[in-house]
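Remarks on the overall topology
Chain by chain, the residues run as shown.
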Amino acid sequence: MFSICVIINKGYGVKMRLYFYYIIFINVFSFVLYGLDKFAAKINIRRIKEKLLLNISIFGGVYGSLIGMYLFHHKTRKKLFISVNYICFIIYTIFIYILWRDL
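Remember, predicted model here, so these are calculated numbers, not experimental data. (Residues numbered from 1 in each chain as written. Predicted model: local features only at pLDDT ≥ 70, side-chain atom pairs only at ≥ 80, totals over all residues. Heavy atoms only, no water.)

**Digging into the nonpolar core**
Within the largest apolar cluster, 13 residues are counted, with the highest numbers of intra-cluster contacts made by Y34, L53, V62, M69, F81 and C88. Not counting residues up to four positions away in its chain, the partners in contact with M69 are Y34, H74, K75, T76, F81, I82 and N85. (Core = buried A, V, L, I, M, F, W, Y, C linked by side-chain atoms within 4.5 Å. Buried < 20%, exposed > 50% of the residue type's maximum accessible area, 1.4 Å probe, protein only. Contact = heavy atoms within 4.5 Å.)

Below you can see the structure in the form of structure tokens.
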């Protein structure tokens, strides 16, 4: 938690701060989309496209997607969602580790 505060307050560069805000935003957005899709599935109204849910994961929202998948018990039986999310999880975790290590 301390290192997050250092990035925001100290100024490790505008690009790093923008990337940090992007990751926070896209993951919260992804989590909310999974919750909305699960709610829509329960009350039988128009759903969010699977392609959108997968693309959000691919473009950085993988942490929110995984939390949303397992918290809402949504799309957990679909092998495509599981495989894409875990592959993206590994890639983004390595990427964030490399960025964090250089701070």
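Further notes follow.
**Some points on the environment of L71**
Position of L71 among the secondary structure elements: in helix α3 (residues 50-71). For L71 and F31, which are 40 residues apart along the polypeptide, the C-alpha to C-alpha distance reads 9.4 Å. (Helix = DSSP H or I, 4+ residues; strand = E, 2+ residues; numbered from the N terminus.)

**Structural notes on the side chain of S30**
With respect to the helices and strands, S30 occurs in helix α2 (residues 14-43). The residues touching S30, leaving out its near neighbours within four places in the chain, are I56, G61, G64 and S65.

**A few points about the pattern of salt bridges**
Overall, the coordinates contain three salt bridges when judged by the stated rule. Across the pair R47 and D37 runs a salt bridge, and its minimum N-O distance is 3.0 Å. In this pair, R47 is assigned in the loop between α2 and α3 and D37 in helix α2, connecting sequence segments ten residues apart. (Salt bridge = Lys/Arg side-chain N within 4 Å of Asp/Glu carboxyl O.)

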